[in-house]
Amino acid sequence: MSDNEMMDKEEIFSKVLRAGRRTYFFDVRATKAGDYYLTITESKKFTNDDGSFHYKKHKIYLYKEDFVGFSEILNEMTHFIVDEKGEEVISERHQKDFQKSYEKDGVENKVAEEVSASTESFTDVSFDDI
């Protein structure tokens, strides 16, 4: 049996998350014994100077006995980041050509009002450092 046939046989369920230059693949696979495990693959596109491109991939294998601990820590870490830094992606502000989509569409005031209304519940945030 070829490697491709083995890949098709052991892949049970898949989902893809496209996120800019990154793509995340979530694949349920089967072991030889018939049990299931999860692979999470990050694929990131890089463009060469000549216009050609290549992908770098990183893969995590996650087994059932680790699901609870992994899930708890992932939730704790993601909540910590959002609680500490909010949902805005700060690094986007440092790109030379970055322009938020609402600035392009000319609806800055409406979005600013929505952001202001949604952040009124934050009482311990200081924007002086920004």
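Look up a bit, the structure's there.
The notes below deal with the structure included here. (Residues numbered from 1 in each chain as written. Predicted model: local features only at pLDDT ≥ 70, side-chain atom pairs only at ≥ 80, totals over all residues. Heavy atoms only, no water.)

1. With respect to the overall build of the protein chain
In terms of regular secondary structure, the protein chain is built from 4 helices and 4 strands. Taken from the N to the C terminus, the helices and strands of the protein chain come in the order α-β-β-β-β-α-α-α. Sequence-distant contacts in the protein chain: of pairs separated by 6 or more residues, those separated by 24 or more amount to 13%. (Helix = DSSP H or I, 4+ residues; strand = E, 2+ residues; numbered from the N terminus. Contact = heavy atoms within 4.5 Å.)

2. Quick notes on the environment of R21
Mapped onto the fold, R21 is located in the loop between β1 (11-19) and β2 (22-30). Between the C-alpha atoms of R21 and F46, which are 25 residues apart in sequence, the distance is 8.0 Å. Ignoring any residue separated from it by four or fewer positions in sequence, one finds R21 in contact with S43, K44, K45 and F46.

3. Observations regarding the pattern of salt bridges
The full count for this structure, using the stated rule, is 3 salt bridges. E42 is paired through a salt bridge with R22; the nearest N and O atoms lie 2.9 Å apart. Taken as a pair, E42 in strand β3 (residues 36-47) and R22 in strand β2 lie far apart in primary sequence, 20 residues in all. R29 serves as the salt-bridge partner of D27, at 3.8 Å between the closest nitrogen and oxygen. Of the residues examined, D27 reaches a relative accessible area of 8% and is grouped as buried. By relative accessible area, R29 is classed as buried at 5%. (Salt bridge = Lys/Arg side-chain N within 4 Å of Asp/Glu carboxyl O. Buried < 20%, exposed > 50% of the residue type's maximum accessible area, 1.4 Å probe, protein only.)

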